[in-house]
Amino acid sequence: MRIARFSIDGNVAFGAVEGDKPDELVLDIIKGIPFADFELSGTKVPLSKVRLLPPVLPNKVVAFGRNYAEHARELGNDVPDAPFAFFKPSTSVIGPGDEIQYPSFSEELHHEAELAVVIGRLCREVPRERVRDVILGYTCANDITARDVQRREKQWARAKGFDTACPLGPWVETELEPGDLTIQLTVNGQQRQLGRTSEMIHPIEDLIVNISEAMTLLPGDVILTGTPAGVGPLAVGDEVSVSIEGIGTLTNKVVKRG
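Residues numbered from 1 in each chain as written. Predicted model: local features only at pLDDT ≥ 70, side-chain atom pairs only at ≥ 80, totals over all residues. Heavy atoms only, no water.

S.K.: What is the right way to read the sheet that holds strand β19 (residues 239–244) from this model?
M.R.: The strands making up a sheet associate through backbone hydrogen bonding, with each pair oriented either parallel or antiparallel. In space, the five strands of this open sheet follow the order β9-β20-β19-β15-β16, with mixed pairing throughout. Only two strands of the sheet have a single neighbouring strand rather than two, namely β9 (99–102) and β16 (190–196). Looking at each pair of strands side by side, their axes are set apart by 20 degrees on average, direction ignored. Note that strand β15 (residues 182–187) and β19 share five bridges and pair antiparallel. Paired with Q184 across the bridge in β19 is S243. (Pairing = 2+ DSSP bridges. Helix = DSSP H or I, 4+ residues; strand = E, 2+ residues; numbered from the N terminus. Axes fitted to C-alpha atoms, helices over the stretch in contact; angles between N-to-C directions.)

Here's what the structure looks like:
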């Protein structure tokens, strides 16, 4: 099931995305929230009539860096022996079609296409064999990074945590085998990144075991699983799209921060 979060006539709701052709997609409005038992209402609205929002509002976004060997090497970094986590605040999250604001304190903004995992239930110290039980589904993410700030400040709070630095969407796909999916990113229609989730150094199970040893994960929390090689610069006016096999495409435009 594809679960979207959207607004229509000033109201916010979740809906199940139905249909195959992009211009014929409809939303069957969900009674309740997708983190508990819910029913489809049978009330359907065309996707073209709503505004898609970030598919979830996470309490926290836990991101794992350098989880693809070629990406680590392209930036001159060693491949870590263990998962390497950092955080992006909830205020960095935006949805499909929202604008990425080029921060005034950076002159080198980069894109990073990633598979995002959405947590479906409260959990802690998750054993590896139970990881799939705590996952609601998967979505596309773009780990926008002020690369010059990252190099200069060493720690990554400002470089990766500024407002609009975490586009998510377009929806959550709940029925997906994430082990070997194509991840692609384009800028203005030109391919910049192309990889597969099978290239991850540490698979999703290891990432969730690792972070849940340290902290409780809440429904709607998001785990970013790393980016393949090919990261590069973004400029004001660029349109950047992340496409993941079996999920869909997340598109955002870069604007000057006002």
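S.K.: Looking at this model, I keep getting lost on the pattern of salt bridges. Mind explaining?
M.R.: One side chain can pair with another of opposite charge once the charged atoms of both are near each other. Inspection of the entire model under this criterion finds 16 salt bridges. A salt bridge links K88 to D143; the shortest N-O distance between them is 2.6 Å. Highlighted residues: K88 in strand β7 (residues 84–88) and D143 in the loop between β12 (135–142) and β13 (145–146), separated in sequence by 55 residues. Exposure class is identical for K88 and D143. Each is buried. (Salt bridge = Lys/Arg side-chain N within 4 Å of Asp/Glu carboxyl O. Buried < 20%, exposed > 50% of the residue type's maximum accessible area, 1.4 Å probe, protein only.)

S.K.: Would you take a moment to explain the sheet that holds β13 for this structure?
M.R.: Reading across from one edge, β13-β10-β18 is the order of the three strands in this open sheet, with antiparallel pairing throughout. The outermost strands of the open sheet, each flanked by one partner alone, are β13 and β18 (232–234). Inspection of the sheet shows strand β10 (residues 109–111) paired to β13 by two bridges, in the antiparallel sense. Each residue of the ladder has a partner; that of H110, found in β13, is T145.

S.K.: Please explain the packing of aromatic side chains as it appears in this structure.
M.R.: How two aromatic rings sit relative to each other is set out by the distance from centre to centre and by the angle between their planes. Applying the stated rule across the entire model yields four aromatic pairs. Here the aromatic rings of F14 and F35 are separated by 6.5 Å at their centres, their planes lie at 85 degrees, and the arrangement is edge-to-face. With F14 in strand β2 (residues 11–18) and F35 in the loop between β3 (26–31) and β4 (39–46), this pair connects stretches of sequence that are 21 residues apart. Given a relative accessible area of 25%, F35 falls into the partly exposed group. Between the aromatic rings of F86 and W156, the centroid separation amounts to 4.9 Å while the plane-to-plane angle is 70 degrees, which identifies the pairing as edge-to-face. Residue F86 is found in strand β7, and its partner W156 is found in the loop between α2 (147–153) and α3 (157–161); the two are separated by 70 residues along the sequence. Judged by its relative accessible area of 13%, W156 is buried. (Phe/Tyr/Trp six-rings, centres within 6.5 Å; stacked < 30°, edge-to-face > 60°.)

By themselves, these figures tell us nothing about what the structure is for.
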